[in-house]
Amino acid sequence: MPENKSEILQGTLDLMVLQTLQAMGPLHGYGIARRIEQISKEALQVNQGTIYLCLVRLVQKKWIKAEWGISENNRKARFYSISKAGQKQLAAETENWQRVAGTIARLLQWEGPK
Amino acid sequence: MLSAFHRIIARIRAVFQRADSDRDLEFELEAHVHLLAEDHILRGTPRGEAERLARIELGGVYQLHEAHREIRALPFLDTLHQDLRYTFRTLKQNPGFTAFAILIIGVGVGASSTMFSVTNTLLLQPLPLHDSRRLVWMYNLSDDGVSEWSTQVGHFLDLREQNQSFTDLAAYFAFSQPGDAKITGEGETERVSSLMVSQNFFPMLDVRPVLGRTFTADECHWNAPGTAVMSYGLWKRRYASDIHILGQEIIVNGSAVTIVGVAPSSFDFGTVFAPGNHVDLFQPMPLTQETNSWGNTLAIIGRLRPGATIQSARAEFWILANHLQKQHPERNTLRPVLMPLEEHVTGRLRRALLVLAWAVGIVMLIVCANVANLQLARSATRQKEMAIRVALGAGRRRLIRQMLTESITLSCCGALLGVILAFAGTRMLASLSAFKIPLLSTVRMDAASLGFCLVIAIVTGLLFGLAPALQVPSISVHDTLKDSSRASTGTKRHIWIRSALVVSEIVFACVLLVGAGLLSRSFLNVLDVNLGFQPERAAALRIDPGARYASRAQRMTYFSQVLNRVRSLPGVSAAGVTDVLPLAGDRSWDIQAKGKPFVLGHDPEGFIRIISEGYFQAMGIPLQAGRAFSAADTQFSEPVAVINETAARTLWPAQNAVGQIVLSDGMGRPGRRVVGIVSDVRHRALEQNSGCELYFPISQWDESSAEYLVIRTPLPPPALASSIRAALHPIAPELSTNEFKTLQELVDTAVSPRRFVVLLLAGFSGFALILAALGIYAVISYSVNQRSAELGIRMALGASPSELRASIMLQTLRLAALGMLIGGITSWILARSLNSLLFGVTITDPPTFAGMLITLAAVAALAGYFPSLRVSRIDPIAALRAN
């Protein structure tokens, strides 16, 4: 896994996972992956396994919590939910993301000095 | 930031929960696959196909596991964990090698850590006194510029008042002797050591009593009521740490002394100022006209003012001393010499300790070379294993890491053993009160020593792991795997490196042997000096008459009774009394031959002893001319003296000294007629000449601070202790029992620092020699193994086993000769640094070098002989077939 390439993707994926959990409440890994795929409408190719790498990192940072539960098909599954610290992080990241996105959007619209 | 911290903690924890986390992930992924498969089924995919699709979409589970581990834990620790497990497995497979390596590393680390603790305490750490770097020791240089004298009270008071360099100057009485104070009254009679100190002694050193106070100015007057500060040790031992001791009177030397304070346990005067002794009582030293008339009596310590340096203080004291000399011509000379207190305390040992520290470093290098050698031997047989691992995809970096992990693990295991040995070693050294070495009793393993152990362990591991690790990159997979014989590629280079290691071991052993040889020979020379008396079969016992015998006549009766009773005991061949024992204290005055002009400061220094008749016989000091004292020398007969040969030569060169008059005890008195000449006695140190000695009869003397009974006996002296005590009981019931000392003990104590160095160095070089021998043995037997095919061919072609053995011995001796050549030159260069420690040998001492060469050659020959025997066991057919 070449790290320099995944750097941006990693942050973005973190943000997406946090936002998903914030919006949907507790979800298992498959649920999160499905949700992100649906929203992005295949625009983002997310390797489904990668979601678990992201999840363990977020759990370790204490932004999300993990609990064992029973899935809709009656299987043991791990459910993740966002924590207080995670909500704060999400707010900060969202703002940051919008500022960067706005800046880039403006930069791209700019057609040079007239 | 907080999240980063949480993450680190979680990652470290995860290292230890590997199995749990793996299982959790497996469950999770399994659930994922099933959920995904069910979605596929809902979309109409057949069940079997759905599961297959789901697994494909999830991706490689194995890689996912790996990536998950890398993210959730610390991959570095993980590999370390793996490497360690592997290491322990391989080490377990070679129990012989492992045990041997751990043993020699353990001994090496143990020795170096012990030495480090000693060096750290004595040389690196500040003295156990507050802000000790600012403390300065002052002595008064003797007229001949050789000895350190003490200073007169008047000079001390003036220096203290007039100097600008010190916040304060304090002093203590320099002539106290161990066992000066006898405690009687309640409890058992006991001899303890008492020291007179100036009033500001404790405040200047910033030593605060744990109980009570130090002395007031009133208590330091002449004839003030007796007071004392007690050492913590005596308080705890004799008085069971009773706080009611304050204000109580105890009886010391027959007079009442009030205890005003107890010194803290951290303050041990003896370990710093009087190694090998403890001071139990501190009493105030009056600094008055009366004590001024005692002459040079004070040892002086000062605390530098902030901003003052020792150089500036030296300059100031030089000017002050000149001024004081002019102002007070009636006083003794004053030539103040200032040095940092630390230098005074440990300076003399610095060189010896550095030598020991280097020696132990060399031992450690030999250990490294030896283990490296063994590692190389193993790595040769492990080349195939390495090649297979490379072929299976192991990175060479990873293999190097594996090799280094192995050696560091090994060295850490050894260091663990070393730490245990070092704990034992330091404890043993600290308990050796027989060694007259300052601060030795405070040596112990502390955090610094443990840190040192750790560093040593890692550095050693890297050092001896380097050689085998560096071989990893050169492993040629193809050749190694293809080559079926044991003699694989790289063998030549292998042997070359290993031979170099062995040669370096021999070089190091050479250096150590030469050092140990030179110092041992010096030690033997010191033991061999003519002491001027015979310490064997003689012992001394403190018998101060005490206050009950006040007049001179009473004292004389006491002494003659003591001598008569002791002489009548079976097994006592001679007995006499003296007030100063050789090697145990000294006192000197200016002396003069009557009829020669008197020049203050230019008269020879004379060491004075007050003795009874029979003393020379008891000590075994031969009479050279004239007569010894007899019962006829009394208070009322002519004052007489016996002098030693040096005094006779110095005062009356080319004249017969017997019959001349010597002036000494106070300039106003009439002189003493010299009636006899005895041999010189080495009373200062075994390495030092005696100077002028004068003996006066006890019957013509008023009082001495101490009296020792010296007895000579054909029996072992301790056997007599109880019968002497019993014989003396009627006249000296309070004789303490703890002061019976053989004269040999005095000599042993005097040479103990030298013995300390020699013993350690001899131990180190013995260890080095064994290691070097093992190194040679290992290399030669390895090369015999490697060459078995070649030797087999040679045998088949008609070479006899003895010829082959000779060629192997030749190979051994070539290595040894090269090592000894380089080692001899190296030691010849390094021996210079030992110069100041040598006595009676030169740095190129031929017997030492010859002895070293013979020892090493013999050991090398022996180490090569055993592997060479194996040649006769080589079966040429088998050897040829194996190839």
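Thresholds applied
- Residues numbered from 1 in each chain as written.
- Chains lettered and ligands numbered in written order.
- Predicted model: local features only at pLDDT ≥ 70, side-chain atom pairs only at ≥ 80, totals over all residues.
- Helix = DSSP H or I, 4+ residues; strand = E, 2+ residues; numbered from the N terminus.
- Buried ≥ 20, exposed ≤ 12 C-beta atoms within 10 Å, placed from the backbone.
- Core = buried A, V, L, I, M, F, W, Y, C linked by C-beta atoms within 7 Å.
- Contact = placed C-beta atoms within 7 Å.
- Axes fitted to C-alpha atoms, helices over the stretch in contact; angles between N-to-C directions.
- Parallel < 35°, antiparallel > 145°, perpendicular 65-115°, else oblique.
- Left-handed = near helix turned anticlockwise from the far one by under 90°.
- Nonpolar A, V, L, I, M, F, W, Y, C, P; charged D, E, K, R; others polar.
- pLDDT = per-residue confidence, 0-100.
- Expected span 1.5 Å × (residues − 1).
- Pairing = 2+ DSSP bridges.

From N to C terminus, chain A includes 4 helices and 3 strands. Within the span of chain A, comprising 114 residues, buried residues form 30% of the whole.

All names here are of chain B. Counting 158 residues, the largest nonpolar core has Val 363, Ala 509, Ala 768 and Ile 776 as its most contacted members. Residue contacts for Ala 768: discarding those within four places in its chain leaves Val 363, Ile 366, Phe 508, Ala 509 and Leu 512. Membership of the second largest hydrophobic core comes to 63 residues, among which are Leu 531, Leu 541, Leu 694 and Tyr 695.

With phi around 65°, Asn 223 of chain B is a residue other than glycine that occupies positive phi space. Looking at the secondary structure, you find Asn 223 of chain B in the loop between strand S8 (211–212) and strand S9 (226–230).

With that settled, the discussion passes to the interface of chain A and chain B. If you look at the interface, chain A gives 22 residues, while chain B gives 22 residues. Of all the secondary structure elements, the ones that give two or more residues to the side of chain A that touches chain B are helix H2 (29–40), helix H3 (50–60) and strand S3 (76–82) of chain A. If you tally residues by element for the side of chain A that touches chain B, the top one is H3 of chain A, at 5 residues.

Residues and elements named next belong to chain B. It is the contact of helix H23 (residues 743–786) with helix H25 (residues 801–830), at a shortest axis distance of 11 Å, that shows an interaxial angle of 140°. Our classification of the angle between H23 and H25 gives oblique. Considering only the axes of H23 and H25, their crossing is right-handed. Within the contact between the two elements, H23 uses Ile 776, Ile 780 and Val 784 and H25 uses Ile 808, Gln 811, Thr 812, Leu 815 and Ala 816. Considered class by class, the residues forming the contact of H23 with H25 number 6 nonpolar, 2 polar and no charged.

What follows deals with the confidence of the model for chain A. For chain A, per-residue confidence averages 82 on the pLDDT scale, and residues scoring 70 or more make up 85% of the total. Below a pLDDT of 50 lies the segment residues 1–8 of chain A, which in the model reaches 2 contacts outside its immediate sequence neighbourhood of four places, other chains included.

Another aspect to go through is H2 of chain A. Relative to the 16 Å expected for 12 residues at 1.5 Å per residue, H2 of chain A spans 17 Å between its end C-alpha atoms, a close match to the ideal helical length. Here H2 of chain A has its buried residues at Gly 29, Tyr 30, Gly 31, Ile 32 and Ala 33 of chain A.

What follows deals with the sheet that holds S3 of chain A. All names here are of chain A. Strand order in the open sheet formed by 3 strands is S1-S3-S2, with antiparallel pairing between adjacent strands. At either end of the open sheet lies a strand with only one pairing partner, and these are strand S1 (27–28) and strand S2 (64–70). Here S1 runs beside S3; their pairing, made up of 2 bridges, is antiparallel. Residue His 28 lies in a different strand from S3, and its bridge partner there is Phe 79.

Further remarks concern the pairing of strand S19 (residues 605–611) of chain B. Residue and element names in this part refer to chain B. The buried fraction of S19 amounts to 6 of the 7 residues, a majority that puts the element mostly inside the structure. Note: strand S17 (residues 588–590) against S19, 3 bridges, orientation antiparallel. Pairing of Asp 590 across the sheet is with Glu 605, part of S19. In this structure, S19 lies alongside strand S24 (residues 692–697), joined through 6 bridges in parallel fashion. Bridged to Gly 606 within S24 is Cys 692.

Before going further, it helps to examine the environment of Lys 436 of chain B. Residues and elements named next belong to chain B. Locating Lys 436 in the fold gives a position in the loop between helix H15 (396–430) and helix H16 (447–471). Note on Lys 436: 18 C-beta atoms within 10 Å, which makes it partly exposed. Put simply, Lys 436 and Ala 632 are 196 residues apart on the chain and 41 Å apart in space, counted from C-alpha to C-alpha.

Moving on: helix H4 (residues 84–109) of chain A. Counted at 1.5 Å a residue, the expected span for H4 of chain A with its 26 residues is 38 Å, and the 37 Å between its end C-alpha atoms agrees. Where burial is concerned, little of H4 of chain A is hidden: 2 out of the 26 residues are buried.

On to the pairing of strand S16 (residues 574–578) of chain B, then. In summary, the side chains of a regular strand alternate between the two faces of the sheet. Residues and elements named next belong to chain B. Counting buried positions along S16 yields 4 of 5 residues, so the element is predominantly enclosed. When S16 meets strand S25 (residues 708–712), the two strands line up antiparallel, connected through 5 bridges. Opposite Thr 578, over in S25, you have Tyr 708 as the bridge partner.

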